[in-house]
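# Survey of secondary and tertiary structure
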Amino acid sequence: MSKRKGILGLAVCFVLFSPYFGVTATVSDFLILEDIGGYKFMGYAGGRGSGAIIAADHFDMDHSDEVYEGLYFHQEHKIGVKVNVAQHAGAESDKWLLHELDLEFRNYYGIPGKSYAQMKRDGNTILIYGSGGWCYRWMSGMKVVEIEYVDLDMTKPQPIEVVQAYLKKHPSTLSLIPLEQLRGPGLMQTWIRDEMERRLWLGERWLAQVQMGKVEVVEALDRIVKSLAVFLDYRERYFGIKAREEKIALLGYQELKDGTSIKAKLSEYKTWWSVNKTRSISIP
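Anyway, here's the lowdown on the structure attached to this text. All figures in this text were calculated on a predicted structure; none of them were measured in a lab.

## Comments concerning the overall build of the protein
- Scanning the protein from terminus to terminus reveals eight helices and seven strands.
- Relative to the 2.2 N^0.38 estimate, which gives 19 Å for 284 residues, the radius of gyration of the protein is 20 Å and therefore close to what a compact globule would have.
- With the C-alpha coordinates of the protein rotated into their principal frame, the extents come out at 55 × 45 × 30 Å.
- Of all 284 residues assigned to the protein, the portion counted as buried reaches 49%.
- In the protein, of all internal contacts separated by at least 6 residues, the share reaching a separation of at least 24 is 69%.
- Carbon together with sulfur atoms contributes 55% to the accessible area of the protein, which is approximately 13,400 Å² in total.
- Side chains of the protein carry 36 positive and 36 negative charges; the gap between the two charge centres is 4 Å.

In structure tokens, the structure reads:
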């Protein structure tokens, strides 16, 4: 899975996911703390975090989300299954949850991967992505649920009983999007525009954290420049405006810790976007 975060070897997982002291009993609201069919429950870990959508640069600096991970192992099939359940707080940033849910199942420019699809299971809509194993992901209200495992040869039986058990515990609140629509130009254009909008929004949020003194300047400027670089790459790809010189300038401001110039660039990009975001774009 080119965009998926790797799963640790089973021997390491057994250590990392062993039950640890300090986790409250609310873990049972997140995870199934017992065997599921042939899958033996191996333990859990948890705390504050964004869960499965952390790789989408989900913003959670101004609120607290809670996440738990559990590990199950099928001795006969030699499959370790990781379950991640995150409860989001309903903060402003959570307006992007549905958008962020499938970012990892797309390429850098927002085009859905060939092995990305949506399916119905027991009346629930879930997102699935297969490459060196399978990943199942869905939303249940403000919870994001992810189940994944490694199978490099794609020959082992899928852990359907684990998926079914968690769908029963956390029913999906997603609506099914047919494959032809998911890969159609209309929805792809919408997703691309939303990502450009989100990247500018992320820049604003990190800038606000600096101004309030809630985050180190170096970290915030790195996050801002990263998001603006994605915006510029998308603008080049879909609107034909070269990004190289703009990205070089941003990196120079970042090196100098010149937040004022970065703020000015963010304002410039927001102004451009307000005028151009409704323009038709062509999907290569």
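## Some words on the packing of helix H6 (residues 217-239) against helix H8 (residues 259-276)
- Following both chains from N to C, one finds H6 and H8 inclined at 35 degrees, their axes separated by 11 Å at the closest point. Of the two elements, H6 crosses H8, and the hand of that crossing is left-handed. Contact with H6, carried on its side by Leu221, Ile224, Val225, Leu228, Phe231, Leu232, Arg235 and Phe239, involves Gly259, Ile262, Leu266, Tyr269, Trp272, Trp273 and Asn276 of H8 and no other residues of that element.

## Observations regarding the sheet that holds strand E2 (residues 66-74)
- Pairing in this open sheet of seven strands is antiparallel, and the strands run E1-E2-E3-E7-E6-E5-E4 from one edge to the other. Sheet topology places strand E1 (40-48) and strand E4 (116-121) at the edges, where each strand pairs with a single neighbour. On average, each strand axis in the sheet is inclined to that of its neighbour by 20 degrees, with strand direction left out of account.
- Judged from the eight bridges that link them, strand E6 (residues 133-140) and strand E7 (residues 143-150) form a sheet pairing that is antiparallel.

## Section: helix H7 (residues 244-255)
- When the terminal C-alpha atoms of H7 are compared, their 17 Å separation across twelve residues agrees well with the 16 Å that a helix rising 1.5 Å per residue should span.
- Listing the buried residues of H7 in full gives Glu246, Leu250 and Gln254. Burial along H7 is one-sided: seen end-on, the buried residues are contained in an arc of 75 degrees. Projecting away from the buried face of H7 at angles above 90 degrees are the exposed residues Arg244, Glu245 and Glu255.
- Here the buried face of H7 lies against H6 and H8.
- Count one or two residues on from H7 and you reach lysine 257, which has phi positive near 55 degrees.

## Comments concerning the pairing of E4
- Pairing of E4 with strand E5 (residues 124-130), which is carried by six bridges, proceeds in the antiparallel orientation. Bridge assignment links lysine 120 to a residue of E5, and that residue is threonine 125.

## Focus: the layout of surface pockets
- When its volume is computed, the largest pocket comes out at roughly 360 Å³.
- Residue lining of the largest pocket: 17 residues in total, with Leu98, Asp102, Arg106, Ile177 and Trp191 positioned closest to the centre.
- Of all the secondary-structure elements, those providing two or more residues to the lining of the largest pocket are helix H2 (97-101), E4 and helix H5 (185-211).
- For the lining of the largest pocket, the leading source of residues is H5, giving four residues.
- Looking at the lining of the largest pocket residue by residue, the class counts come to nine nonpolar, five polar and three charged.

## Describing the side chain of serine 140
- Residue position: serine 140 is located in strand E6.
- On the basis of relative accessible area, serine 140 is assigned to the buried category, the value being 16%.
- If sequence neighbours within four positions are ignored, serine 140 has contacts with His170, Pro171 and Thr173.

## A short note on the packing of H7 against H8
- Viewed as axis vectors pointing N to C, H7 and H8 meet at an angle of 150 degrees, and their least axial separation amounts to 9 Å. Relative to H8, the element H7 lies roughly antiparallel. Contact residues: Glu246, Leu250, Tyr253 and Gln254 in H7; Ser261, Ile262, Lys265, Glu268 and Tyr269 in H8.
- Along the lines of polarity and charge, the residues of the contact of H7 with H8 split into four nonpolar, two polar and three charged.

## Considering the nonpolar core
- Leu31, Val83, Trp138, Ile147 and Tyr166 are the most contacted members of the largest nonpolar core, which totals 39 residues.
- Each residue touching isoleucine 147, except ones within four places of it in the same chain, is listed here: Val81, Lys82, Val83, Trp134, Cys135, Tyr136, Trp138, Val162, Val163 and Tyr166.
- Counting 32 residues, the second largest nonpolar core, distinct from the first, contains Leu200, Leu207, Leu250 and Tyr269.

About the thresholds
Residues numbered from 1 in each chain as written. Predicted model: local features only at pLDDT ≥ 70, side-chain atom pairs only at ≥ 80, totals over all residues. Heavy atoms only, no water. Helix = DSSP H or I, 4+ residues; strand = E, 2+ residues; numbered from the N terminus. Rg over C-alpha atoms; globule rule 2.2 N^0.38 Å. Buried < 20%, exposed > 50% of the residue type's maximum accessible area, 1.4 Å probe, protein only. Contact = heavy atoms within 4.5 Å. Areas by Shrake-Rupley, 256 points an atom, 1.4 Å probe, with all protein chains shown as cover. Lys, Arg positive; Asp, Glu negative; His and termini not counted. Charge placed at Lys NZ, Arg CZ, Asp CG, Glu CD. Axes fitted to C-alpha atoms, helices over the stretch in contact; angles between N-to-C directions. Left-handed = near helix turned anticlockwise from the far one by under 90°. Pairing = 2+ DSSP bridges. Expected span 1.5 Å × (residues − 1). Arc of directions from axis to C-beta. 1 Å grid on protein atoms, 1.4 Å probe; cavity = no way out; pocket = protein on both sides within 12 Å on 5 of 7 lines; lining within 4 Å. Points joined across faces, edges and corners; volume = space filled by probe spheres on them. Nonpolar A, V, L, I, M, F, W, Y, C, P; charged D, E, K, R; others polar. Parallel < 35°, antiparallel > 145°, perpendicular 65-115°, else oblique. Core = buried A, V, L, I, M, F, W, Y, C linked by side-chain atoms within 4.5 Å.

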